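A structural walkthrough
Listed below are the residues making up each chain.
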Amino acid sequence: MPALPAHPGEDLAFTYHKKSSDLRTFVYGIMVLMVMCDVPVFVLLFLYLKSPTGRGVVLALIALELLALVYVLPSLLLMRHSIKVDKLIIRFGIKKWVIPLGNIRTASSVNSIRSKGLSNFGVHYDREQDVLCVLSGSKNAILIELKKPQRFRVSLFRPVLASRVLINVDELERFLDALRQQLPNGGDADVSVPPAGIVVPASALSEAESRRPIASGLASPGIAFARPDTATDWALEAQSLEKYYGSFKAVDGIGLKVRPGEIYGFLGPNGAGKTTTMKMITGLLRPSGGQVRVFGRDIWQEPLAAKKLLGYVAEHPLVYDRLTGREFVRFSSELYRTPRAGLEERVEQLLAGFDLAAAADDLIVTYSQGMRRKIALAAAVVHRPGLLVLDEPTNGLDPQGAWMIKNLLRSLAEQGAAALLSTHALEVAENICDRVAIIDRGRIVAEGTVNDLKGQAKMPESNLEQVFLALTGHGNDRERVFTAR
Ligand code: ATP
């Protein structure tokens with residue numbers, strides 16, 4: 001192994017040869033076969049052609065084939081990266097990208113890539129995980145997280161904006177050591193080697209958070225949350241969010257702020273834009289305009305930092321049918337790189353808290369709709385998020401399940417975490433939300449406590465349902481329809 005440079009600033013080269021050797025042997029084999037077939041043809045052509053031009057062309061063809069043999073094709077399979085004074089140069093065959101060292105936030109080894117979406121050969125951008133993959137194997141990968149998303153040219157016409165880059169190197173630790181030495185200010189970035197066998201990390205919780213005691217007296221035992229130690233006053237700040245689907249504006253300038261310890265309800269008729277807004281808030285859908293910050297972290301500028309503070313359960317939650325409930329919660333904890341200490345206990349507490357202990361070893365495919373929602377919730381809170389975003393959380397739940405959700409949200413708020421939930425169950429919103437926003441046709445039409453809304457609608461004696469119908473105009477429409485008939 002070449003020694004580390006004596007002085008920071010010296011160039012260092014890193015290859016990824018060993019792990020791609022099978023593929024290289026295959027390509028070399030094909031090329032040798034090509035040469036064996038082509039050489040007799042060229043020799044015959046050479047003997048047949050008498051003119052110097054014809055023979056020159058044949059010689060040029062032989063030279064080209066030899067050149068391809070020794071250089072061009074193998075180079076497509078070579079990875080050779082170098083760390084220079086101020087930049088990291090990534091090479092994959094004839095392609096090359098430069099990352100200024102000042103833009104590197106973290107670099108960590110990912111010893112095995114097991115994420116389904118990521119192909120482990122070639123250069124491509126995975127939009128879902130916001131990662132540029134420059135890979136020729138699933139082993140010995142390094143994930144580089146950038147401070148600011150950077151533009152990378154992947155093909156001639158398609159530059160992509162990526163916040164993370166995944167590469168292979170033979171010598172992981174040497175690479176990380178070298179990066180640590182070369183970084184400005186003696187290592188502004190977090191350069192670490194996490195345990196082997198992880199999926200591309202979605203986030204990492206601090207050790208301190210993981211040791212936070214589980215709050216006592218919860219109705220749903222063991223479901224602990226954490227208010228992140230950040231200076232910001234807001235768990236969530238969304239400003240001027242807009243979303244166009246083609247020429248249709250589904251979300252039109254939505255802004256909302258949620259405090260730590262607050263449960264915020266998002267109400268609106270079908271098609272009002274609730275799910276679209278929530279997907280933009282959780283970083284699943286890129287807004288056409290506007291900004292989202294989770295505990296001060298911009299969801300698009302700092303996706304890892306922001307997403308580690310988030311838990312999200314969609315209206316139709318994504319669960320893996322072929323895993324058992326227990327496996328799914330563990331899988332989710334791996335995605336979030338939840339520290340192992342105390343993890344097994346937490347998984348068991350979550351399964352018990354959501355009344356799934358008896359079914360924990362059954363495949364999720366056998367679960368009822370309500371059980372699927374509960375297991376998705378357990379998986380969404382396993383990393384103790386500071387902000388929980390729930391789209392229609394009580395859909396498909398029996399009264400006990402709905403009661404469990406209410407208790408979960410109350411205990412979350414008591415612990416200083418926050419929740420944003422959309423619901424059509426207005427009595428749930430009235431009972432548990434500190435503030436609500438009513439959204440209609442992509443815009444917020446009213447916002448505040450339930451009493452504020454009653455005041456805004458000049459309906460102090462009405463319940464939230466009547467206020468909702470009045471504010472969204474749908475009550476009047478319905479009245480008109482019934483009267484006309
Ligand atoms: P619901 O209460 O029925 O779940 P919602 O308030 O969550 O509705 P959204 O799902 O956000 O509403 O949809 C807002 C609008 O955007 C709707 O008119 C919908 O048809 C449209 N829409 C949503 N997703 C897409 C899409 N992928 N392509 C085109 N239009 C879409």
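Summarised in this report is the structure supplied together with it. Owing to the predicted nature of the structure, the values given are computational and were not obtained by experimental measurement.

**A few points about the site of the ligand**
Around the ligand, the structure places Y245, A250, G268, N270, G271, A272, G273, K274, T275 and T276. The dominant element in the shell around the ligand, judged by the number of residues it contributes, is helix α5 (residues 274-281), at 3 residues. Residue classes in the shell around the ligand are distributed as 3 nonpolar, 6 polar and 1 charged.

**Re unusual backbone geometry**
If you check the backbone angles, F295 has positive phi at about 45° while not being a glycine. By secondary structure assignment, the location of F295 is in the loop between β14 (289-294) and β15 (297-298). With 24 C-beta atoms packed within 10 Å, F295 lands in the buried category.

**Quick look at the pairing of β14**
As judged from the 5 bridges shared by strand β11 (residues 236-245) and β14, these two strands associate in the antiparallel manner. Along β14, the bridge assignment pairs E242 with G289. Direction of pairing for β14 relative to β15: antiparallel, over a ladder of 2 bridges. Bridge assignment links R293 to a residue of β15, and that residue is D298. Linking β14 back to β15 in an antiparallel pair, the connection comprises 2 residues, with F295 at a positive phi of about 45°.

**Re the packing of helix α7 (residues 325-335) against helix α8 (residues 343-353)**
Across the interface, α7 lies against α8 with an axial gap of 10 Å and an inter-helix angle of 130°. Between α7 and α8, the interaxial angle falls into the category oblique. Handedness of the crossing formed by α7 with α8: right-handed. Residues G325, R326, V329, R330 and S333 of α7 form the contact with α8, whose own contacting residues are L343, V347, L350 and L351. Of the residues assigned to the contact of α7 with α8, the class counts are 5 nonpolar, 2 polar and 2 charged.

**Let's talk about the environment of L350**
Here L350 shows up in helix α8. The class for L350 is buried, based on 29 C-beta atoms found within 10 Å. Placed 21 residues apart in sequence, L350 and V329 show a C-alpha to C-alpha distance of 8.7 Å.

**Points about the nonpolar core**
Membership of the largest hydrophobic core comes to 75 residues, with the highest contact counts inside it found for A378, L387 and A419. By residue number, the principal contributor to this core is helix α9 (residues 369-381), which donates 8 residues. The next biggest cluster of nonpolar side chains, apart from the first, holds 31 residues, and it includes I83, I144, F175 and L179.

**Re the sheet that holds strand β19 (residues 435-440)**
Pairing in this open sheet of 6 strands is mixed, and the strands run β16-β17-β18-β13-β19-β20 from one edge to the other. At either margin of the open sheet sits one strand with a lone partner, and together these are β16 (310-313) and β20 (443-448). Neighbour to neighbour, the strand axes of the sheet diverge by 15° on average, direction disregarded. Sheet topology note: the β16/strand β17 (residues 387-391) ladder contains 4 bridges and is parallel. Along β17, the bridge assignment pairs G311 with L388. Here α5 sits on the sheet in contact with β13 (263-267), β17, β18 (418-422) and β19, set at roughly 150° to β17. Along the sheet, α9 contacts β16 and β17; its crossing angle with β16, the most-contacted strand, is approximately 170°.

What counts, and where the lines are drawn
Residues numbered from 1 in each chain as written. Predicted model: local features only at pLDDT ≥ 70, side-chain atom pairs only at ≥ 80, totals over all residues. Near = placed C-beta within 6 Å. Helix = DSSP H or I, 4+ residues; strand = E, 2+ residues; numbered from the N terminus. Nonpolar A, V, L, I, M, F, W, Y, C, P; charged D, E, K, R; others polar. Buried ≥ 20, exposed ≤ 12 C-beta atoms within 10 Å, placed from the backbone. Pairing = 2+ DSSP bridges. Axes fitted to C-alpha atoms, helices over the stretch in contact; angles between N-to-C directions. Parallel < 35°, antiparallel > 145°, perpendicular 65-115°, else oblique. Left-handed = near helix turned anticlockwise from the far one by under 90°. Contact = placed C-beta atoms within 7 Å. Core = buried A, V, L, I, M, F, W, Y, C linked by C-beta atoms within 7 Å.

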